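Structural characterization, general
Here is what each chain is made of, one letter per residue.
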Amino acid sequence: MNEVLRVEHLSHIYSKGTPFEKKAVDDVSFSAQRGEFIGLIGHTGSGKSTLIQHFNGLLKPSSGRILINGEDIFQSKEMTRAARFAVGLVFQYPEYQLFEETVYADVAFGPKNMGLSKEEIDRRVRENCRIVGLPDSVLDKSPFELSGGQKRRVALAGIFAMEPEVMVLDEPMAGLDPAGCAEVFRYIKDYHEKHGTTILFVTHSMEYAAQMAQRIVVMDSGHILMDGTPEEVFARADELMEAGLDVPQVTRVFLELKKRGVDVDTAVYTVEQAAAKLRALKGGEGKC
Ligand SMILES: Nc1ncnc2c1ncn2[C@@H]1O[C@H](COP(=O)(O)OP(=O)(O)OP(=O)(O)O)[C@@H](O)[C@H]1O
Ligand SMILES: [Mg+2]
């Protein structure tokens, strides 16, 4: 594996030196390897959005460094500009990021800024709109005429079209109905499978984190509380609950079974795993 993103002792203080001073990120260090799918979890106000806005230079650290492919993104103006293209950021409620007159122009905005040829821009716009299920007929429409779910797709297509090395998605499913969530979930997963892009996915949903991420980073009060595989993280259910977080519903069921005296292994976080464990138990193979 090779490292694409490294965060070293990053701290961010809002409104420094005023009565409103707030240390939102406090000495965070971690790195992401090429192709990794990482879920970033933490209760509201734990510093997730603040942290990720540093990755493409939108926020400047109060202290610490961010390196992309080994280079400090604030070492020069050129590096900061390069970071904008290397790291694609989809904000919480990305529909507010849309501002162009047509869907086509909005999706083309990033690739255009990257200085790509007209043909390449056209290819990327059409291909990525198709990936997120936007028909050609909406390309000439104003993004403001679209439904919330469609706007979300336009914002996603715009980031996909930049083909960034690292894609950071801040609560991409927030405010969508279950069908909309499932769709967005699918697009991101498909994109990851196709391009092998490093993905950092901010979510409140343990269910999605459990289903998608190979690695889960848990934030609490500006710090990293846990960083490990879903098995490692969900095995620490008590600490998660103390940090105001939940574990997947299926994990909770297994924890409850154990509490009630059933000899089960509680390292279960997807329905598929639970089914396999229960099948093994039914088959009389002892401990499930
Ligand atoms: N622009 C700002 N100015 C001052 N304080 C801020 C600003 N943005 C965020 N904060 C504060 O910094 C802390 C971290 O906020 P942040 O938005 O990073 O959390 P979060 O984990 O993304 O929360 P959520 O899950 O609600 O999106 C909070 O206490 C928040 O009130
Ligand atoms: Mg946030």
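All of these numbers come straight from a predicted model, not from anything done at the bench.

1. Remarks on the site of ligand 1
Not every one of the 13 residues close to ligand 1 is listed here, only the nearest: Thr44, Gly45, Lys48, Ser49 and Thr50. Measuring from an oxygen atom of ligand 1, one finds a backbone N or O atom of Ser46 at 3.2 Å. The side chain of Lys48 places a nitrogen or oxygen atom 2.7 Å from an oxygen atom of ligand 1. Isolated, ligand 1 exposes 640 Å² of accessible area, and the fraction of that covered by the protein chains is 64%. Of all elements in the fold, only β2 (22-33) and α1 (48-52) reach the threshold of two or more residues within the shell around ligand 1. No other element matches α1, which puts three residues into the shell around ligand 1. By residue class, the composition of the shell around ligand 1 is two nonpolar, nine polar and two charged.

2. Section: the sheet that holds strand β9 (residues 215-220)
Sheet strands associate in pairs through backbone hydrogen bonding, adopting either a parallel or an antiparallel arrangement. Pairing is mixed in the open sheet, where six strands are placed in the order β6-β7-β8-β3-β9-β10. At either end of the open sheet lies a strand with only one pairing partner, and these are β6 (87-90) and β10 (223-228). Ignoring which end each strand starts from, the neighbouring axes of this sheet average 15° apart. Taken together, the five bridges between β9 and β10 define a ladder with antiparallel strand orientation. Looking at β10, one finds that Val217 is bridged to Asp227. Packed on one face of the sheet, helix α5 (residues 148-160) meets β6 and β7 (166-170) and runs near 175° to β6. Contacting β3 (37-42), β7 and β8 (198-202), helix α6 (residues 178-195) runs over the sheet at an angle of about 160° to β8.

3. Brief notes about the domain arrangement of the chain
For the chain, the assigned domains are domain 1 (3-234) and domain 2 (248-288). The gap between the C-alpha centroids of domain 1 and domain 2 is 34 Å. Taken together, the contacts link six residues of domain 1 with five residues of domain 2. Between domain 1 and domain 2 lies a buried interface of about 560 Å² when both sides are counted; carbon and sulfur atoms form 69% of it. On the domain 1 side of the interface with domain 2, the three residues burying the most area are Glu207, Glu231 and Phe234, jointly 66% of the side's total. Taken together, the links from domain 1 to domain 2 amount to zero salt bridges. Taken together, the links from domain 1 to domain 2 amount to two residue pairs in polar contact (both at pLDDT 80 or more).

4. Details of the coordination of the magnesium ion (ligand 2)
Looking at the magnesium ion (ligand 2), the protein donor atoms are Ser49 (OG) and Gln92 (OE1), and they sit 2.0 to 2.5 Å from it. Of this pair, Ser49 sits in helix α1 while Gln92 is found in the loop between β6 and α3 (103-113), placing the two residues 43 residues apart along the sequence. On the basis of relative accessible area, Gln92 is assigned to the partly exposed category, the value being 35%.

5. Structural notes on α5
Helix length check: α5 (13 residues) gives 18 Å between terminal C-alpha atoms against 18 Å at 1.5 Å per residue, within 8%. The element α5 is largely enclosed, with a buried count of ten among its 13 residues. Among all positions in α5, only Lys151, Arg152, Arg153, Val154, Ala155, Leu156, Ala157, Gly158, Ile159 and Phe160 are buried. Those residues of α5 that are buried are in contact with β6, α3, α4 (118-131), β7 and α6.

6. So, helix α2 (residues 77-86)
All buried positions along α2 are accounted for by Met79, Thr80, Ala83, Phe85 and Ala86. Considering only its buried residues, α2 is in contact with β4 (63-68), β5 (71-72), β6, α3 and β7.

7. Considering the nonpolar core
Counting 35 residues, the largest nonpolar core has Val107, Leu156, Leu169, Ile188 and Phe201 as the members making the most contacts within it. Of all the secondary structure elements, the ones that give two or more residues to this core are α3, α4, α5, β7, α6, β8 and α7 (206-212). Filtering out sequence-adjacent residues up to four positions away, Leu156 remains in contact with Val90, Val132, Leu169, Val184 and Tyr187. Judged by nonpolar contacts, the second largest core, of 27 residues, contains Leu51, Phe55, Val202 and Val217.

8. Structural notes on the side chain of Arg215
Turning to its location among the elements, Arg215 is positioned in strand β9. A distance of 2.9 Å separates the side chain of Arg215 from the backbone oxygen of Ser31, its partner in a polar contact. For Arg215, the contacting residues outside a window of four places in its chain are Phe30, Ser31, Ala32, Glu36, Phe37, Ile38, Gly39, Asp227, Gly228, Thr229 and Pro230.

Criteria and thresholds
Residues numbered from 1 in each chain as written. Chains lettered and ligands numbered in written order. Predicted model: local features only at pLDDT ≥ 70, side-chain atom pairs only at ≥ 80, totals over all residues. Heavy atoms only, no water. Near = heavy atom within 4 Å. Polar contact = N/O pair within 3.5 Å; in protein donor to acceptor, adjacent residues only side chain to side chain. Areas by Shrake-Rupley, 256 points an atom, 1.4 Å probe, with all protein chains shown as cover. Helix = DSSP H or I, 4+ residues; strand = E, 2+ residues; numbered from the N terminus. Nonpolar A, V, L, I, M, F, W, Y, C, P; charged D, E, K, R; others polar. Pairing = 2+ DSSP bridges. Axes fitted to C-alpha atoms, helices over the stretch in contact; angles between N-to-C directions. Contact = heavy atoms within 4.5 Å. Domains from an automatic or database assignment. Buried area = accessible area lost by both parts, 1.4 Å probe. Salt bridge = Lys/Arg side-chain N within 4 Å of Asp/Glu carboxyl O. Donors = N, O, S within 2.8 Å, 3.2 Å for Na, K, Ca; no water. Buried < 20%, exposed > 50% of the residue type's maximum accessible area, 1.4 Å probe, protein only. Expected span 1.5 Å × (residues − 1). Core = buried A, V, L, I, M, F, W, Y, C linked by side-chain atoms within 4.5 Å.

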